[in-house]
Amino acid sequence: MAIKEALEFEYRIMGYRGRSYEELPFVGLDSTYVLEETKSCVAGVEGTKTQIWPGP
């Protein structure tokens, strides 16, 4: 499977419509997506000492 196809496949299974393969290295993921995924991760580790670092 080509890299572009793999990215499109991942977007499909995640229900996400993100940046194209060519754009992604330059602009990154959409900030709304990062925020929602960060919230989900923080909720998933609540009560533990695990740290979530969403990073740039």
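Above this text sits the structure in question.
Reading the values: rules and limits
- Residues numbered from 1 in each chain as written.
- Predicted model: local features only at pLDDT ≥ 70, side-chain atom pairs only at ≥ 80, totals over all residues.
- Heavy atoms only, no water.
- Helix = DSSP H or I, 4+ residues; strand = E, 2+ residues; numbered from the N terminus.
- Expected span 1.5 Å × (residues − 1).
- Polar contact = N/O pair within 3.5 Å; in protein donor to acceptor, adjacent residues only side chain to side chain.
- Salt bridge = Lys/Arg side-chain N within 4 Å of Asp/Glu carboxyl O.
- Buried < 20%, exposed > 50% of the residue type's maximum accessible area, 1.4 Å probe, protein only.

Another point: helix H3 (residues 31-44). Between its first and last C-alpha atoms H3 spans 20 Å; for 14 residues at 1.5 Å apiece the expected length is 20 Å, and the two agree. Between a side-chain oxygen at the N-terminus of H3 and the backbone nitrogen of Thr 32 the separation is 3.0 Å; the capping residue is Asp 30.

On to the pattern of salt bridges, then. Tallied over the entire structure, the rule returns three salt bridges. One salt bridge in this structure joins Glu 22 and Lys 4, with 2.7 Å as the shortest N-O distance. With a gap of 18 residues between them, Glu 22 in the loop between helix H1 (3-14) and helix H2 (24-27) and Lys 4 in helix H1 connect regions that are remote in the sequence. Relative accessible area serves as the criterion here: at 46%, Lys 4 is assigned to the partly exposed category. With its nearest N and O atoms 3.8 Å apart, the salt bridge here joins Glu 36 to Lys 39. Of this pair, Glu 36 and Lys 39 are both found in helix H3, three residues apart, which corresponds to roughly one turn of the helix. Lys 39 sits in the partly exposed class, given a relative accessible area of 47%.

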